[in-house]
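# Examining the three-dimensional arrangement
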Amino acid sequence: MQAYYAKPFSEACEQNKDPILAVLKRYFTEPGTILEIGSGTGQHAVYFGAALPHLHWQASDVAEHLPGIRLWLEEAALANVAKPLVLDVRDEPWPVSHVDGVYSANTTHIMHWPMVQALFAGVGRVLRPGGYFCLYGPFNENGRFTSESNARFDMSLRMRDPGMGIRDKADLDELARAAGLERVDDVVMPVNNFTLVWRKA
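Now for a quick tour of the structure. Only a predicted model underlies this, so the values are computations on that prediction, with no experimental measurement involved.

## Regarding the state of the cysteines
Cysteine pairs can be linked by a disulfide, which is a covalent bond between their two sulfur atoms. By the definition in use, this model includes zero disulfides. Here Cys13 is not disulfide-linked; the sulfur of Cys134 is the nearest cysteine sulfur, at 16 Å. Since its relative accessible area comes to 0%, Cys134 is described here as buried.

Below you can see the structure in the form of structure tokens.
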């Protein structure tokens with residue numbers, strides 16, 4: 001008997017898609033393949049794929065999220081959005097060996113720290129020289145929360161799972177440098193979020 005999956009929906013994805021798209025348009029300007037890590041519901045893959053037709057968009061996530069992503073992608077039927085790949089950032093090698101850009105949203109505060117380390121190491125391996133890694137989400141600055149709401153959010157995350165939590169920009173920059181990436185932008189986004197952008201040297 002075939003399992004039935006309801007098409008997932010994230011209100012956060014719906015609200016943040018246009019501000020994120022404005023940043024992606026600045027950095028993903030040339031034709032190429034973009035790897036999205038942690039595609040979640042699949043909403044961003046469909047929206048960005050339609051808005052950026054010069055890109056080949058590759059969605060990915062852990063296996064449990066793929067059925068929902070497939071529902072979004074199959075309904076949209078976009079020629080430039082590929083079938084989602086199973087990707088656990090801790091795996092070596094990753095299912096892709098070379099991409100022109102990497103995008104991820106709301107992942108590093110959900111991942112445990114060893115997974116965040118694996119994320120940056122993996123991006124460093126697969127991203128072409130000169131390519132950009134755009135990471136959206138809430139981040140701390142100089143060891144401090146940037147808003148009261150982020151402090152409350154961090155507390156709720158750690159109550160769910162002590163391994164979760166909002167990451168500090170400086171700690172991510174350290175991982176990025178070790179992976180051959182240099183931060184080139186820090187874009188303030190709505191609702192106390194940021195998009196951090198690193199470039200592969």
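Additional details are given in the paragraphs that follow.
## Here we look at the nonpolar core
Membership of the largest hydrophobic core comes to 28 residues, with the highest contact counts inside it found for Ile37, Phe120, Val123, Phe133, Leu181 and Trp198. Listed by contribution, the elements that provide at least two residues to this core are β1 (32-37), β4 (99-105), α4 (113-126), β5 (127-137), α6 (169-178) and β9 (193-200). In this structure, Leu181 is in contact with Phe120, Val123, Leu127, Phe133, Ala176, Trp198, Arg199 and Lys200, ignoring residues within four places of it in sequence. With 26 residues, the next largest nonpolar core counts Leu66, Ile69, Cys134 and Met189 among its residues.

## Details of unusual backbone geometry
Of all residues except glycine, most have a negative phi; of all peptide bonds, most are trans. Here the amide bond leading from Glu92 into Pro93 is cis, since omega sits at -5°, within 30 degrees of zero. With respect to the helices and strands, Pro93 occurs in the loop between β3 (81-86) and β4. A positive phi is found at Asn106, a non-glycine position, where the angle reads about 55°. At Asn192, a residue that is not glycine, the phi angle is positive and equals roughly 60°. Positionally, Asn192 belongs in the loop between β8 (181-189) and β9.

## What about the pairing of β9?
Counting buried residues along β9, seven of its eight residues qualify, which places the element largely inside the surrounding structure. Pairing geometry for β5 and β9, over six bridges, is antiparallel. Looking across to β9, one finds that Tyr136 is bridged to Thr195. Bridging between β8 and β9 involves eight bridges; their strand directions are antiparallel. Bridging across to β9, Val187 finds its partner in Thr195. What sits between β8 and β9 in their antiparallel hairpin is a turn of three residues, with Val191 showing a positive phi close to 60°.

## What about the packing of aromatic side chains?
Summed over the entire model, instances satisfying the criterion amount to eight aromatic pairs. Ring pairing ties together the aromatic residues Tyr47, Phe48, Trp57 and Tyr103, which thus form one cluster. A cation over a ring is seen here: Lys7 above Trp72, with NZ or CZ 3.9 Å from the ring centre. Directly above the aromatic system of Phe194 lies the positively charged group of Lys169, at a separation of 3.6 Å from the ring centroid.

## Observations concerning the pattern of salt bridges
Under the definition given, this model contains ten salt bridges. A salt bridge links Arg90 to Asp88; its shortest N-O distance comes to 2.8 Å.

## Section: the environment of Lys25
Following the sequence through the fold, Lys25 ends up in helix α1 (residues 11-27). Judged by relative accessible area, which is 48%, Lys25 ranks as partly exposed. On a C-alpha basis, the gap between Lys25 and Ala51 in space is 9.1 Å, while along the polypeptide they are 26 residues apart.

## A look at helix α5 (residues 148-160)
Each α-helix winds once per 3.6 residues, and so residues spaced three or four apart point in a common direction. The end-to-end C-alpha distance of α5 is 19 Å, a good match for the 18 Å that 13 residues give at a rise of 1.5 Å each. Taken residue by residue, α5 has Asn150, Asp154 and Leu157 as its buried positions. Projected down its long axis, α5 shows its buried positions confined to an angular sector of 60°, all on one face. Within α5, the exposed residues directed more than 90 degrees away from the buried face are Glu148, Arg152, Met155 and Met159.

Basis of the calculations
- Residues numbered from 1 in each chain as written.
- Predicted model: local features only at pLDDT ≥ 70, side-chain atom pairs only at ≥ 80, totals over all residues.
- Heavy atoms only, no water.
- Disulfide = S-S within 2.5 Å.
- Buried < 20%, exposed > 50% of the residue type's maximum accessible area, 1.4 Å probe, protein only.
- Core = buried A, V, L, I, M, F, W, Y, C linked by side-chain atoms within 4.5 Å.
- Helix = DSSP H or I, 4+ residues; strand = E, 2+ residues; numbered from the N terminus.
- Contact = heavy atoms within 4.5 Å.
- Pairing = 2+ DSSP bridges.
- Phe/Tyr/Trp six-rings, centres within 6.5 Å; stacked < 30°, edge-to-face > 60°.
- Lys NZ or Arg CZ within 6 Å of the ring centre and 35° of its normal.
- Salt bridge = Lys/Arg side-chain N within 4 Å of Asp/Glu carboxyl O.
- Expected span 1.5 Å × (residues − 1).
- Arc of directions from axis to C-beta.

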